[in-house]
Amino acid sequence: MHRFDADTADLLRAVFDATRLRLGFDQVPLDGPAAPADLAARVGQTITAGGLGGRRALELFDEVLARACISADHPRNLAFIPAAPTRSSVMFDLLVGASSIYGGSWMEGAGAVHAENEALRWLADLAGLPAGAGGVFVPGGTVGNLSALVAARHAARVRLIAAGRPLPSTWRFVCGDEAHSSLYQAAAVLDAEIVPISTGPDGRLTGPLLAAALDRLARESASDDSVGLGGEAAGRDAASLGVFAVVATAGTTQFGTVDDIRGIVDVARTHDLWVHADGAYGLAALAAPSARARFDGIADVDSFIVDPHKWLFAPYDACALLYRDPAQALAAHGPQRAGYLEVLDSAANWNPSDYAVGLSRRARGLPFWFSLATHGTQAYADAIETTLTTTRAAAAQIAARPELELVREPELSVVVFRRRGWTEPDYHRWSGGLLRAGFAFTPPTCIDGETVARFAIINPRTTSEDIAAILSTML
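Residues numbered from 1 in each chain as written. Predicted model: local features only at pLDDT ≥ 70, side-chain atom pairs only at ≥ 80, totals over all residues. Heavy atoms only, no water.

Visitor: How do you make sense of the packing of helix H4 (residues 87–99) against helix H13 (residues 366–375) when you look at a structure like this?
Guide: The relative placement of two packed helices comes down to the angle between their axes together with the axis-to-axis distance. One can describe the packing of H4 onto H13 by two numbers: an axis separation of 8 Å at closest approach and a directional angle of 135°. Relative to H13, the element H4 lies oblique. Crossing hand, H4 versus H13: right-handed. Here H4 contributes Ser88, Ser89, Phe92, Asp93 and Val96 to the contact with H13, which in turn contributes Leu366, Pro367, Trp369, Phe370, Ser371, Thr374 and His375. A per-class count over the contact of H4 with H13 returns six nonpolar, five polar and one charged. (Axes fitted to C-alpha atoms, helices over the stretch in contact; angles between N-to-C directions. Helix = DSSP H or I, 4+ residues; strand = E, 2+ residues; numbered from the N terminus. Parallel < 35°, antiparallel > 145°, perpendicular 65-115°, else oblique. Left-handed = near helix turned anticlockwise from the far one by under 90°. Contact = heavy atoms within 4.5 Å. Nonpolar A, V, L, I, M, F, W, Y, C, P; charged D, E, K, R; others polar.)

Visitor: I keep staring at the side chain of Glu411 and nothing clicks. Help me out?
Guide: By secondary structure assignment, the location of Glu411 is in the loop between strand S8 (404–406) and strand S9 (414–419). Here Val258 takes part through its backbone nitrogen, which lies 3.5 Å from a polar atom of the side chain of Glu411. Apart from the residues within four sequence positions on either side, Glu411 is in contact with Arg204, Gly256, Thr257, Val258 and Arg294. (Polar contact = N/O pair within 3.5 Å; in protein donor to acceptor, adjacent residues only side chain to side chain.)

Visitor: Sorry if this is basic, but what is going on with the nonpolar core here?
Guide: The biggest cluster of nonpolar side chains holds 69 residues, and the ones touching the most others in it are Phe295, Ile298, Phe304, Trp311 and Phe368. With six residues, the single largest contributor to this core is helix H5 (residues 106–127). Non-local contacts of Phe295, meaning those with residues more than four positions away in its chain, are made with Ala250, Val258, Ile261, Gly282, Leu283, Ala285, Leu286 and Leu412. (Core = buried A, V, L, I, M, F, W, Y, C linked by side-chain atoms within 4.5 Å. Buried < 20%, exposed > 50% of the residue type's maximum accessible area, 1.4 Å probe, protein only.)

Visitor: So what exactly am I meant to see when it comes to the sheet that holds strand S2 (residues 172–176) here?
Guide: Two modes of strand pairing occur in sheets, parallel and antiparallel, and in both the strands are linked by backbone hydrogen bonds. In space, the seven strands of this open sheet follow the order S1-S7-S6-S5-S4-S2-S3, with mixed pairing throughout. Edge positions in the open sheet fall to strand S1 (134–138) and strand S3 (193–197), since each of these has one partner strand only. Averaged over all pairs of adjacent strands, the angle between their axes in this sheet comes to 20°, without regard to strand direction. In the sheet, S2 pairs with strand S4 (residues 243–249) via four bridges, with the strands oriented parallel. Looking at S4, one finds that Arg172 is bridged to Val243. (Pairing = 2+ DSSP bridges.)

Visitor: Mind showing me how you'd approach H5 here?
Guide: Residues that lie three or four places apart on an α-helix share one face, since the helix turns once every 3.6 residues. Its 22 residues place the ends of H5 only 25 Å apart at the C-alpha level, less than the 32 Å of an ideal helix rising 1.5 Å per residue. Of all bends in H5, the biggest is about 50°, found at Ala112. Considered for burial, the residues of H5 that qualify are Gly109, Ala112, Val113, Ala115, Glu116, Ala119, Leu120, Trp122, Leu123, Ala124 and Ala127. On its buried side, H5 packs onto S1, strand S6 (303–306), strand S7 (319–323), H13 and helix H14 (377–400). Gly128, located one to two residues past H5, shows a positive phi value of around 85°. (Expected span 1.5 Å × (residues − 1). Bend = angle between axes of the 7 residues up to and from the residue.)

Visitor: Is there a simple way to think about the environment of Phe4 in this case?
Guide: Its location among the elements puts Phe4 in the segment before helix H1 (6–24). A residue is classified by how much of its surface remains accessible, and Phe4, at 63% relative accessible area, is exposed. Separated by 238 residues in the primary sequence, Phe4 and Gly242 have C-alpha atoms spaced 57 Å apart. Once you skip the residues sitting within four places of it in the chain, Phe4 turns out to touch Ala9 and Leu12.

Visitor: When you look at the pattern of salt bridges in this model, what are you seeing that I'm missing?
Guide: Applying the stated criterion to the full structure yields 25 salt bridges. Of the charged contacts, one joins Arg401 and Glu403 as a salt bridge, the two residues approaching to 3.6 Å between their closest N and O atoms. Glu403 carries the same exposure label as Arg401, and that label is buried. (Salt bridge = Lys/Arg side-chain N within 4 Å of Asp/Glu carboxyl O.)

Visitor: So what exactly am I meant to see when it comes to the packing of aromatic side chains here?
Guide: Centre distance and the angle of the planes are the two values used to describe a pair of aromatic rings. Summed over the entire model, instances satisfying the criterion amount to 16 aromatic pairs. Aromatic pair Phe92 and Phe370: ring centres 4.2 Å apart, planes at 5°, arrangement stacked. With Phe92 in helix H4 and Phe370 in helix H13, this pair connects stretches of sequence that are 278 residues apart. The exposure class assigned to Phe92 is buried, which follows from its relative accessible area of 14%. Summarising the aromatic geometry, the rings of Trp422 and Tyr427 are spaced 5.2 Å apart at their centres and angled 85° between planes, so their arrangement reads as edge-to-face. (Phe/Tyr/Trp six-rings, centres within 6.5 Å; stacked < 30°, edge-to-face > 60°.)

Visitor: What exactly am I supposed to notice about the state of the cysteines here?
Guide: Disulfides are covalent bonds that link the sulfur atoms of two cysteine residues. In the structure shown here, the tally under the stated rule is zero disulfides. In this model Cys175 remains outside any disulfide bridge; the closest cysteine sulfur is found in Cys319, 17 Å from its own. Using a relative accessible area of 0% as the deciding quantity, one classes Cys175 as buried. Since its relative accessible area comes to 0%, Cys319 is described here as buried. (Disulfide = S-S within 2.5 Å.)

Visitor: Would you mind going over the side chain of Asn459 with me for this structure?
Guide: With respect to the helices and strands, the residue Asn459 is situated in the loop between strand S11 (450–456) and helix H16 (464–471). Note on Asn459: relative accessible area 6%, which makes it buried. Within the structure, Asn459 has its side chain in polar contact with the backbone oxygen of Asp73 (distance 3.0 Å). Filtering out sequence-adjacent residues up to four positions away, Asn459 remains in contact with Asp73, His74, Pro75, Ala83, Ala84 and Thr387.

Now the structure itself:
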């Protein structure tokens, strides 16, 4: 089973052939889901005592299973936040898998970690973080946000203990009410409260809104014996209220809205609050000169995330987590203690597993690094500018059609709009029909109880002609 023999060589050629065929398509098939009973009937029993053989297993995957998966990189896949990995990053992902590299420690994966850190440095420089900044690639934004918040709470705890002050009975972090759902998962894992701040019609959390929310918490706690501090003291130090971080969203999933990062940072500093920026989708736009000004203040945050598998053209899964001061993350996350781990020596080497939740890790940043090294950063800037241009064209086409109406002007590359006269069943009928036809994947979304249409344009191969063709089906 572990030998390289004639059967393995034959399978290797078959895998390369299948990969080459898919990568060679100008436009990959969209495909679509299948019912569980249908898949079970078509595939049969795949896990058997004697094995199916590599050729047969590959045939089942290629002819049945893969075709029941929607292609995230199809130019007319505008759902959620899709993906558009470069051909080079996908091909290199094969090599990463074949290399059997462990990416959790410098000792075991120094070359891979060095390359990943090069890619992280480019992201840190785009944001304007200092030379000492650093981080790690984790599986996705949920783990990235959680890991940053773990570090933020640890820093708040250390600060209170050093001052000889009591720890709060309940920890909290604040964010805008359009922040990503993963933050609620993080709060549950942390056993912390999340305090969503109402952001109003534009969906943007601002410095004044944050200040008002903290003042309100201070007033509410002034008479709370469990806090044991007066309102004045609590207002000066949010940690007294159990508030250890504020999360600014740098591109909401629903609308692509960028919070007032500059204002949030300025208010947070007066309260000794850690500022984390969730830029899983939107911070990729730092690479585009036309969008960079929207992220004023990002250079001063304590941590941020951005997912290369979204708008930075890497394959799933990779979230880049960056810290302004990695020593604070190291204090919270590592080094993990065990006799057999002592040889890793975190003091001398950069061990990625010391900076996030988890120990075992794939070197998931390598495909992103390889694509950056292959194509150069200017190609990334150009590709993101292309998607922003397509977004503006989409908004203009919607505005020009009397049957359609923008819900909000797009800020990054998400377009939300309504078809006048349609109700929820109409949107689902339209979306389902496009997917069944293999034409486009455009599931609707819900805004304040209203079902509307939504496009997320992150693929530079999506054209204004694609948008026009989809819109024409809404007549």
